[in-house]
Structure formats: C-alpha cells, structure tokens
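Summary of structural features
Now for the letters of each chain:
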Amino acid sequence: MSCAAMGAIGAGLAARVPSSKRPQPVRATGLTPRCASVGDKLSAQLRGATSTLQLVSANGVKRHAKLSVHAAVAPPADDKAKGADGPNVPPPSSGPSTIVRINPEVLAAGGLPVASQPKAGRDGFGNSVATQFLPINMEFENLSVLNLDPPIFSIKNFISEEDCDVMVQAAQISKKMEKSATGGGAGLPADMRTSTSLALNQEVFAAQPKLRAKLDAVLAKARQLVAVPSEDWDQQADGSFKRPSGAGAFAFELPQIARYAAGQHFLAHEDAFPMDIAKQKGYQRRATLLLYLNDVPEGGATKFDIVDLPVAPVKGDALLFFPSFQNGIPDHRTLHTAEDAVEGHEKWVSQIWVSWGLPNEAEIAEAKAAAATKLEGATDKTREKKKRGTRGFGNRKAAGDRPKGFGSKK
C-alpha cells in the first residue's frame, strides 16, 4: 500500500495504540523501509486518539536471511493438463515493509466490520486496496478487516453449511484425493506439504453435477466480492478453467478441495509465483479466496507469519488476501502457514485463486517504443516552436505580451 494511502487509512479508520503497547518493527524477507517517514508521521498524527489500529514502523527493517519462503502450487490452469506447477520458490525482492494492524481487542472480536465504518473511511480504504491490489466490493455482506496493510479480510457465512457439506462429501466419494503438490524443486523438506487435495476438473464435475452447481454459485459470489469489471473476466463457454487469455484478463484457476488430517500441514509459503516463473506462465495470482469447509476447534489455523496473524477455521467463513500487487510483483508479507491439525480433528478447505494475465515481453517492448516515438515527436515540435520564436500561449512574441500570472494585469 502506498505511503499516501496509509495516511488516508489513518484518517478514515482512526487511531493508533499508545506507543507503550506498540509491537516492535516486523522483520520480513526482502522488504525496504520506504514508508518509514510516513509511518512515523501517522503515529504522531494519531497520538492520543481512541485505539482502533496499530502501526509498526519500518525503521531499521532488514532482510530476514533465515526465513524459508516457498509458494503454494495449484494443478495446471488448464483442467485437462496433469501434474503440478513448479518450481515455485520466490527469491527475495523489494516491497513495502510497513505492517498496519487493527487493535488486538477488535481482532479478537472477529475483526473490524467494514459496514460499521464511516463512509469516508470505508471509501478511502477501498480506493487504497483497489489502487495497490484489486478492487473489492466494500459493501459486501459480513466483510471484516483482519489486517489493514497488507489487507486481509474475512467474510462470515460466505457459503452455507449445506454447501460446505456437499463439497466435503464430493471429495470423500471421488476417490481422487492425492498428495498435495508442492513446487520449488530439489531441497525442499519432505514434509513441506502433507495434506491431500482434489482438483475440481471436468472429470470430477461430470461424475458429480451437484458439485458443479454449488461451485458455480460460489464463483459468482466471488466475482461480486472481487469487483473486477465483468468485461475483464475470461468466460469459458465449456465451463472449464483455463489460464487468462491475455494481458489484463482475469480468470479463476482450477479450484481445489484440500484435507488436513491430524498432524498434517503446509509449512510457510506464498501463493504468488516468483516473477520469472509468472512471466513463463504468462499470469500471476492476484487474490486468494480460502473457504473453510468445517469447524476446527483446535489447531489448523492459517497463520500469516510476517503479520503474526493466526486465523482459526470456521465452517462457512472465507479468508481473502492478495498474494501480489497490482503490477504482479509478489507481496512477501502474505507469507503464511497452514498449521497442523491436532489429534482428533481434521481441516477441510477449498482454495480459489484469481489469476491475472501478465503483459508479455513483446507487448512491453512495443509500448516502450511507442512512448519513445511520442516523446521524440513532442521534442521535435518544441524545437520547431523555438525556431519560430514562440514565447508562450497564443504565440505572443513580445516579452511585454506574456501573461504575468493568474488574475494579473499588464
């Protein structure tokens, strides 16, 4: 989120925690302290006000050399393809280092309900999220903020308990649950990702049409939440899931249903692809919508490691966050862990990724060439004006005819 946006959030959504209760600066992979001064100013502006958010300053942030970073891997975007995407280990890169949290008491109560905020603050925050990440329908029912920057949202009762049961039962009877794939190449821990998953492809839907109907309803609701213009969504006539058709197009990747039995987990990872891999694929993940399909009273939390935010699974709820920025660069602050389910419990989730077509190298080169040509033409016109002796508006050639300023007289 931009430095200016932080100021808008502070003004619209309110106040900071007293300095004595502020956590220490977060240390995150590849993050730079470019918003430090704004963070300090925001702290000063909000001093003494009622507490609704915490600001962690970026002063002194350094690279976290020991942090293990890996990315989640979905089946191929084309649902007819087989195997796992990869490798998918992001190198350190620059990005915002500021973490803006809501007040712990508000978080413990379930987050900051967006509908309860003044319209000016709600609109300001929504504009900031849209500028830096994706447009979100800030009027969406039961939408709450769990973290301000990076923005993390929860949506209570996103899907019904009946729909949750249909999805879990479909996975159970499919007999197609397989060990979840993990990209990253050699050297990853053998127990990096120990869950099992079902790719919701055409074969599964053909055998279970009721599941397809339920998923279509979920995706329609997801489009209402992620307020991307309808013309920017790829629509597949056959209902299949394919990678975005071109630069700037949005599409849902092939959804999954995953099961974590007792003791199973997915260690710290990112959902975004490293940029070199994203360029090869031609697309990047811009949003993750994680659906919780059952209650997990103990263990199984989704833990955002850098933000230090655990989210407990609640049946029917959804979690929304943004693995990459508006330009496709990964936001390493969204590093997260699927923590172990404890003995006597299991966790069922469905992952839905919103992917976005990246401009290819040829398009970028063409745009640069066009910009250079335009600049060269403007420069030639300027030279020609100087040659004719043009001195300003209206081709006034005499110095005495130049305007002296707005509202001034000769």
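An account of the accompanying structure is given in this report. (Residues numbered from 1 in each chain as written. Predicted model: local features only at pLDDT ≥ 70, side-chain atom pairs only at ≥ 80, totals over all residues. Heavy atoms only, no water.)

Counted as a void, the second largest pocket has a volume near 290 Å³. In this structure, the second largest pocket is lined by 15 residues; those nearest its centre are Gly 110, Leu 146, Ser 154, Val 311 and Ala 312. Taken together, the elements giving at least two residues each to the lining of the second largest pocket come down to helix H3 (104-108) and strand E13 (309-311). Across the lining of the second largest pocket, the residue classes tally to 11 nonpolar, 2 polar and 2 charged. (1 Å grid on protein atoms, 1.4 Å probe; cavity = no way out; pocket = protein on both sides within 12 Å on 5 of 7 lines; lining within 4 Å. Points joined across faces, edges and corners; volume = space filled by probe spheres on them. Helix = DSSP H or I, 4+ residues; strand = E, 2+ residues; numbered from the N terminus. Nonpolar A, V, L, I, M, F, W, Y, C, P; charged D, E, K, R; others polar.)

Attention now moves to the pattern of salt bridges. For the structure shown, the criterion picks out 13 salt bridges. A salt bridge links Lys 119 to Asp 123; the shortest N-O distance between them is 2.5 Å. Taken together, the positions of Lys 119 and Asp 123, both in helix H4 (residues 119-132) and 4 residues apart, correspond to about one turn of that helix. In this structure, Glu 162 engages Lys 214 in a salt bridge whose closest nitrogen and oxygen atoms are separated by 3.7 Å. Taken together, the positions of Glu 162 in helix H5 (residues 161-174) and Lys 214 in helix H7 (residues 209-225) put the pair 52 residues apart, joining distant regions of the chain. (Salt bridge = Lys/Arg side-chain N within 4 Å of Asp/Glu carboxyl O.)

Across a regular strand the side chains alternate sides, sitting on one face of the sheet and then on the other. Bridge count between strand E6 (residues 178-179) and strand E7 (residues 196-199): 2 bridges; the pairing is antiparallel. Counted as the bridge partner of Glu 178 is Ser 197 from E7. As paired strands, E7 and strand E9 (residues 256-260) are joined by 4 bridges and run antiparallel to one another. Looking at E9, one finds that Leu 198 is bridged to Ile 257. (Pairing = 2+ DSSP bridges.)

This next bit is on the environment of Glu 298. For Glu 298, the position within the fold is in the loop between strand E11 (283-292) and strand E12 (302-304). On a C-alpha basis, the gap between Glu 298 and His 345 in space is 7.2 Å, while along the polypeptide they are 47 residues apart. Apart from residues no more than four positions distant in its own chain, Glu 298 is found in contact with Val 342 and His 345. (Contact = heavy atoms within 4.5 Å.)

Taking 1.5 Å per residue as the helical rise, H7 with its 17 residues ought to reach 24 Å, and the 25 Å between its terminal C-alpha atoms agrees with that figure. Listed in full, the buried residues belonging to H7 are Leu 211, Arg 212, Lys 214, Leu 215, Val 218, Leu 219, Ala 222 and Leu 225. Taken end-on, H7 shows its buried residues confined to a sector of 165 degrees, consistent with a single buried face. Opposite the packed face of H7, turned more than 90 degrees from it, sit the exposed residues Pro 209 and Lys 210. (Expected span 1.5 Å × (residues − 1). Buried < 20%, exposed > 50% of the residue type's maximum accessible area, 1.4 Å probe, protein only. Arc of directions from axis to C-beta.)

Once that is clear, we can look at the packing of H5 against H7. Remark: H5 packs on H7, axes separated minimally by 10 Å, with the N-to-C direction vectors making an angle of 135 degrees. One finds that H5 runs oblique with respect to H7. For the crossing formed where H5 meets H7, the hand is left-handed. Contacts between H5 and H7 involve Glu 162, Asp 163, Val 166, Met 167 and Ala 170 on the former and, on the latter, Lys 210, Leu 211, Lys 214 and Leu 215. (Axes fitted to C-alpha atoms, helices over the stretch in contact; angles between N-to-C directions. Parallel < 35°, antiparallel > 145°, perpendicular 65-115°, else oblique. Left-handed = near helix turned anticlockwise from the far one by under 90°.)

Glancing now at H4. Taking 1.5 Å of rise per residue, 14 residues should cover 20 Å, and H4 covers 20 Å from first to last C-alpha, within 8% of that figure. All of the buried residues along H4 are Gly 121, Arg 122, Phe 125, Gly 126, Ser 128, Val 129 and Gln 132. Mapping the buried residues of H4 onto a view down its axis gives an arc of 160 degrees, with all of them on the same face. Summarising the geometry of H4, the exposed residues directed more than 90 degrees from the buried face are Lys 119, Ala 120, Asn 127 and Thr 131.

A word on the environment of Gly 300. Structurally, Gly 300 is set in the loop between E11 and E12. The spatial distance from the C-alpha of Gly 300 to the C-alpha of Glu 346 is 7.7 Å, given a sequence separation of 46 residues. Filtering out sequence-adjacent residues up to four positions away, Gly 300 remains in contact with Pro 313, Glu 339, Asp 340, Ala 341 and Lys 347.

Rolled over the atoms, a probe with the dimensions of a water molecule shows which regions are left empty. The full count for this structure, using the stated rule, is 2 cavities of 30 Å³ or more. The volume enclosed by the largest cavity comes to roughly 170 Å³. Surrounding the largest cavity, 17 residues form its lining, Tyr 260, His 269, Leu 290, His 336 and Gln 351 being those nearest its centre. When contributions to the lining of the largest cavity are tallied by element, the ones reaching two or more residues are strand E10 (266-269), E11, strand E15 (336-338) and strand E16 (347-357). Here the lining of the largest cavity is composed, by residue class, of 8 nonpolar, 6 polar and 3 charged.

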